[in-house]
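Analysis of the macromolecular model
Here are the chains, one letter per residue:
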Amino acid sequence: DKVIRVVPESERETQILRAAFNRLKVDLWQPSSPLHMVEGTAADVRVPRNATRSLLPYLQQANIPYTILISDLQQAIENQTGGRSHRNRRSLSGYNYEVYHSLEEIEDWMYYLNRTYSDLVHMFSVGKSYEGRPLYVLKLGKRSRPYKKAVWIDCGIHAREWIGPAFCQWFVKEALQTYQTDPDMRKMLTQLYFYIMPVFNVDGYHFSWTNDRFWRKTRSKNMRFHCHGVDANRNWKVKWCDEGASLHPCDDTYCGPFPESEPEVKAVAHFLRKHRKQIKAYLSFHAYAQMLLYPYSYKYATIPNFNCVELAAYNAVNALQSAYGVRYRYGPASSTLYVSSGSSMDWAYKNGIPYAFAFELRDTGHFGFLLPETLIKPTCTETMLAVKNITLHLLKKCH
């Protein structure tokens, strides 16, 4: 299998590519659906070995140039995790935050923190996944007063975006390690609670470790079609299944049979609704594109508190860039990325959470979903600066 990049130069080329991708059932990495393809914007496509023989000559014939991003995908998968299938399971006190972890390892880590840092960490479950796994959340913060504002952070809505859960774990580590020494962190944990969900789509994430590294959706079964899963970021009750979502169960952007059909989405939506007065920010972590997005996703329109949100985003990407010079684009999701309906970020915003952001972490396609473990630390370090920046912005009044 290979990953190629094509940039359609005209409407004609866009149509040709859409038709070819639909016919050959390729796995589109970027954008998430052929519908989102526009001229002048790169599309990254995973081409299965059996389709390589038909697609690549077809592109040459149609005079559409392409570049090969990853020539041997299996090799790239092995390179990403350094080929260690049986990593030495060191004690949790020596937990390695610079490698990717399986769902079991992440859950053991959460249990360990819950026991070890009981003054700052409280672990609970908001429900069960389709396959019956608990949906764990860590509540992080000093129990200084009964009522505190809160920030919600989730990672891994899309299973194959492994850098997300790695960042969620990194955030918790940083909070616990620097709480004593960093006045900003101390202020954050004293004045706020953080609800952190390291793996939102637990079934899908597990499946991406055991069966299909590039699985994206949940794992619910569809009776009529023999396809599994719903895009958990198209399943929210906000302009559900409108533009940018698919009605077909086999598509990567399938919106589901009805809003909140996925138990994972339903459980988190229920929790957020219940705490909507307390939660002031919603942060969701995805990959890849190097963007910081805010509402709306489902339409081209300006949010009422645009100035405050725009300022927070501008400062956050500048803070992020200060670490390694990595530039993030920022802006409303619809115009910065593409229009999509039923997203968690729009839903959070519509439900009264004034600061709703979606991060698209590194990179811009060279490694795509296979960001090497050597890049976990720099990615998380710079992202941490952005998140702290947004959080401190929250604590100040914005007019």
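Chains are numbered independently. Their residues run from 1 in the order of the written sequence. Under the rules for a predicted model, residues below a pLDDT of 70 receive no local features and side-chain atom pairs below 80 are neither given nor counted, while totals for whole chains, interfaces and linings still include all residues. By convention in this description, side-chain values take in all heavy atoms of the structure and omit both hydrogens and water.

Under an unreviewed UniProt entry, the name given to the protein chain is CBPA6 Carboxypeptidase, and the source organism is Bombycilla garrulus. What UniProt records for the protein chain under Cofactor (unreviewed entry) is the sentence "Zn(2+)". UniProt positions are given in the numbering used here, feature names are shortened, and annotations may be inferred rather than shown by experiment.

The salt bridge definition used is simple: a Lys or Arg side-chain nitrogen within 4 Å of an Asp or Glu carboxyl oxygen. Scanning the model with the defined rule gives 13 salt bridges in all. Across the salt bridge formed by Asp27 and Arg160, the nearest N and O atoms sit 3.1 Å from each other. Of this pair, Asp27 sits in strand 2 (residues 27-30) while Arg160 sits in the loop between strand 7 (149-155) and helix 5 (163-178), and the two are 133 residues apart along the sequence. The same class applies to Asp27 as to Arg160, namely buried. Salt-bridge contacts for Arg216 lead to Asp231; the nearest nitrogen and oxygen are separated by 2.6 Å. Of this pair, Arg216 sits in the loop between helix 7 (202-210) and helix 8 (263-274) while Asp231 is found in the loop between helix 7 and helix 8, placing the two residues 15 residues apart along the sequence. Three labels apply to residues, based on accessible area from a 1.4 Å probe with only protein chains included: buried if under 20% of the type maximum, exposed if over 50%, partly exposed otherwise in between. For Arg216, a relative accessible area of 5% gives the class buried. Look at Asp231 and you get buried, because its relative accessible area is 0%. Several salt bridges share partner residues, and in doing so they unite Asp1, Asp27, Arg46, Arg160 and Asp252 into one network. Labels follow the DSSP assignment, with helices taken as runs of H or I lasting at least four residues and strands as runs of E lasting at least two, numbered in each case from the N terminus.

Moving on to the sheet that holds strand 11 (residues 329-332). Here, a strand pair is defined by DSSP locating no fewer than two bridges between the strands. Spatially, the eight strands line up as an open sheet ordered 5-6-8-7-9-12-10-11, and their pairing is mixed. Taken across any chain shown, the strands that pair with only one partner, and hence form the sheet edges, are strand 5 (121-128) and strand 11. Ignoring strand direction, the axes of neighbouring strands in this sheet form an average angle of 20 degrees. Here strand 7 pairs with strand 9 (residues 279-287) via six bridges, running parallel. Bridged to Ile153 within strand 9 is Leu283. Of the strands in this sheet, strand 10 (291-294), strand 11 and strand 12 (355-361) touch helix 9 (residues 306-324), which is tilted by about 170 degrees from strand 10. A contact between two residues is defined here by any heavy atoms of the two lying within 4.5 Å. Orientation is described by lines fitted to C-alpha atoms, with helices fitted over the stretch in contact, and by angles between N-to-C directions that extend from 0 to 180 degrees. Packed on one face of the sheet, helix 12 (residues 376-395) meets strand 7, strand 8 (192-197), strand 9, strand 10 and strand 12 and runs near 170 degrees to strand 12.

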